[in-house]
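# A closer look at the structure
One letter stands for each residue in the lines below.
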2 protein chains.
Amino acid sequence: MSSRDAGAAAARLPARIGDRLLEVDTPALIVELDALERNVAAMAAAVEGRGVRLRPHAKSHKCPDIARRQIAAGAVGVCCQKVGEAEAFVTAGVTDVLITNEIVGAPKLARLASLARNASLGVLVDDRANVCSLAAAMRAAGASIDVLVEVDVGAHRCGVLPGAPALELARAVAGEPALRFAGLHAYQGAAQHLRRPAERRAASARAAELAFETRTLIEQAGIDCGTVTGAGTGTFALERDSGIYTELQPGSYVFMDADYGRNERADGEIRFEQSLFIWTTVMSTPAPDRAIVDAGLKAFAVDSGMPLVADAPGLELIKASDEHGVVRIAPGTTGPGLGDRLKLVPGHCDPTVNLYDWIVAVRNNQVEALWPVAARGALT
Amino acid sequence: MSSRDAGAAAARLPARIGDRLLEVDTPALIVELDALERNVAAMAAAVEGRGVRLRPHAKSHKCPDIARRQIAAGAVGVCCQKVGEAEAFVTAGVTDVLITNEIVGAPKLARLASLARNASLGVLVDDRANVCSLAAAMRAAGASIDVLVEVDVGAHRCGVLPGAPALELARAVAGEPALRFAGLHAYQGAAQHLRRPAERRAASARAAELAFETRTLIEQAGIDCGTVTGAGTGTFALERDSGIYTELQPGSYVFMDADYGRNERADGEIRFEQSLFIWTTVMSTPAPDRAIVDAGLKAFAVDSGMPLVADAPGLELIKASDEHGVVRIAPGTTGPGLGDRLKLVPGHCDPTVNLYDWIVAVRNNQVEALWPVAARGALT
């Protein structure tokens, strides 16, 4: 048993810079740089001058190279979901990180406190006992940290109820010298993939209303509530224009995916481009109506449905096993040949990226960069 | 960009040997050694003296430490699904590997040929052009390899049709001096999770019949067809007793999962034990009917349904997002407390294991070993 054994696959580079895309072996996770850069720029432009900060969620890409581009375009830092992700970003020089999650248990709290000595960190709470544990860990390390109270504004995952329960927790935080009460986390995750613009508008408006009432209550109690953060790729323009949110945390917009592609867009809504693909090879052509690609459940996530086959009308990925994807060839369509390449649009970008050690960054069908997915597998 | 960045998360050990299970931070992938060892022994006993070889599929565990235990119990080697997996096992000293897959494209074929110089390797074919490319790669490397023709015996994934098409391909293989025609791959993947024993029996019997007819045809043409390999955890006893199969390749039996747990067992069928779990912490207790664990889509695969909560009647994992699992607490059930640990039974073991760099091997609630998932992420 050696810790080096565990990183063996990760150590092999997936391509060489300068390779033609056709030379990149498969499956590989590729990003089309022109599209990614346009997405980063479009989000930056959408937020600039609107009185809100952009703090993109790095759980989508887990990649410091992308975070640096987002920050260069105006983002104030990143969000992470795990201490291990935050460690990876801080190590890579991205030192302003909000962990949009509760951190529970002594080992993680000790790591969080250690990290807080070297970075500008924030974290969420939704439990009084957790506030005490967090404060104790910070005191023990001689560290301090921004703390936001997570409010359940409709997602029904973590979070205290809006209003009095949030005020009570804000008071608890404010009473701990090692903690800086920074505001509210009011993310309406359930709103992001509501298909119709009117549904997203209604869910986002309700979340903003609950956040507003809660912030008002806390400020009336004499506690400053500087930050209200939330929003995702599906609703960020609504929170931006709400007058309540001060920080936005969309993540998927850099890549997009098939599930976001199914959202109907509102008038004037930005059309972020698909920049993320799974690069595959046709490894078997067993029948006129069927081709098999070399990517399956270990190369893409299927929680939000099968990937789509890009730029190939008549081809549909209908089934996946561990290392195979079954492509149905529609009648009248000429199927791909053995060794042909197909580009897949992942159903859900975040858990798909987490399956790869590297992002192959491509421009004009040529490899321009190899980006480590530095926080891949950072589960704790 | 450095190749070391990509292995950063992998390098951190998930526990220390000797730790109590309660000290292991979460999420973690744990294996209960007593159960795993009983599963390995039960499969070995089921095959011993039956005239068939056991070559367990290593795509399930990707872990040389487990492969070595299987081989110590009588397995002749392992199956892999990817060249990268085979490389990881050969590097770890497991040098008899059948890649139960077609390998397509010059880069992979060159790696395969290089590996074949240092190991006893087998591979599948289902295409005439691929036979030529495979032979050319072997000649270029001065290597040789066992080649099996994959026959579609009902799974409708890869493979040539039984009978004449298989004979034609066997002839092509036999005509290449760098290739050793070794027999047939007749895996009926679709049979493994048919819920009723009679359905599995029928599918397996049909596969065996097609394999028998095809083998007969090939041998009548004067080509020796020594190996007929196939079978999985759901049907292995049927192929074992078929009189046709000479090698069995079950994988999941070492771990089991919720999906296999839904198979009705036939009379006398071995009850393999659940040995694989996702170790989680309750990170939020927001409502009497809901608790949130710190494991989500990046900690377990959901292609075969949500994980089950082990040993906790009244608790059901109903929803997962990237890093959260939502547990419903049935009315009348006392919910878990903040920081409590829950053990989850993965829906599908193979793609779940692939999310982890380490397996934490536990006996009597104490960490006995840490096993690298050496072939984690070995996609190419």
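The text that follows walks through the structure, step by step, so that each part is easy to find. (Residues numbered from 1 in each chain as written. Chains lettered and ligands numbered in written order. Predicted model: local features only at pLDDT ≥ 70, side-chain atom pairs only at ≥ 80, totals over all residues. Heavy atoms only, no water.)

## Brief notes about the overall build of chain A
A tally of regular secondary structure across chain A gives 11 helices and 17 strands. Relative to its length of 380 residues, chain A is compact, with a C-alpha radius of gyration of 22 Å against a globular reference of 21 Å. In terms of overall dimensions, chain A has a C-alpha envelope of 70 × 55 × 35 Å along the principal axes. Relative to its 380 residues, chain A shows a buried fraction of 63%. The distance from the centre of the 39 positive side-chain charges to the centre of the 45 negative ones in chain A is 2 Å. (Helix = DSSP H or I, 4+ residues; strand = E, 2+ residues; numbered from the N terminus. Rg over C-alpha atoms; globule rule 2.2 N^0.38 Å. Buried < 20%, exposed > 50% of the residue type's maximum accessible area, 1.4 Å probe, protein only. Lys, Arg positive; Asp, Glu negative; His and termini not counted. Charge placed at Lys NZ, Arg CZ, Asp CG, Glu CD.)

## Here's the deal with the sheet that holds strand S4 (residues 96-102) of chain B
Residue and element names in this part refer to chain B. With parallel pairing, the 8 strands of this open sheet are ordered in space as S2-S9-S8-S7-S6-S5-S4-S3. Edge strands, defined here as strands with exactly one partner in the open sheet, are strand S2 (53-54) and strand S3 (78-80). When strand S6 (residues 145-150) meets strand S7 (residues 179-185), the two strands line up parallel, connected through 6 bridges. Within S7, the residue paired with Val-147 across the bridge is Phe-181. Those strands touched by helix H6 (residues 128-141) are strand S5 (120-125), S6 and S7, and its axis lies near 155 degrees from that of S5. In the packing of helix H7 (residues 164-174) onto the sheet, the strands contacted are S5, S6 and S7, and the crossing angle to S7 comes to about 155 degrees. (Pairing = 2+ DSSP bridges. Contact = heavy atoms within 4.5 Å. Axes fitted to C-alpha atoms, helices over the stretch in contact; angles between N-to-C directions.)

## As for H6 of chain B
All names here are of chain B. Here H6 is 14 residues long and its end C-alpha atoms lie 20 Å apart, about the 20 Å a rise of 1.5 Å per residue gives. Along H6, the residues classified as buried are Asn-130, Val-131, Leu-134, Ala-135, Ala-137 and Met-138. When H6 is viewed along its axis, its buried side chains cluster within an angular range of 160 degrees and face the same direction. For H6, the exposed residues set more than 90 degrees away from the buried face come down to Arg-139 and Ala-140. The N-cap residue of H6 is Asp-127: its side-chain oxygen and the backbone nitrogen of Ala-129 are 2.9 Å apart. Backbone geometry just downstream of H6 places Gly-142 in the positive-phi region, at approximately 65 degrees. (Expected span 1.5 Å × (residues − 1). Arc of directions from axis to C-beta. Polar contact = N/O pair within 3.5 Å; in protein donor to acceptor, adjacent residues only side chain to side chain.)

## Some remarks on the nonpolar core
Judged by nonpolar contacts, the single largest core of 218 residues is most densely connected at Leu-112 of chain A together with Leu-112 of chain B. For Leu-112 of chain A, the contacting residues outside a window of four places in its chain are Val-83, Ile-99, Ile-103, Leu-121, Val-123, Leu-134, Met-138 and Ile-145 of chain A. (Core = buried A, V, L, I, M, F, W, Y, C linked by side-chain atoms within 4.5 Å.)

## Let's talk about the relation of the copies chain B and chain A
For the pair chain B and chain A, the relating rotation is 180 degrees, the translation along its axis is 0.0 Å, and the fit reaches an RMSD of 0.0 Å. Such a combination of turn and shift is consistent with a two-fold rotation axis. The overlap is high: 100% of the interface residues of chain B also sit at the interface in chain A, so the same surface is used on both sides. (Least-squares fit on C-alpha atoms with pLDDT ≥ 70 in both.)

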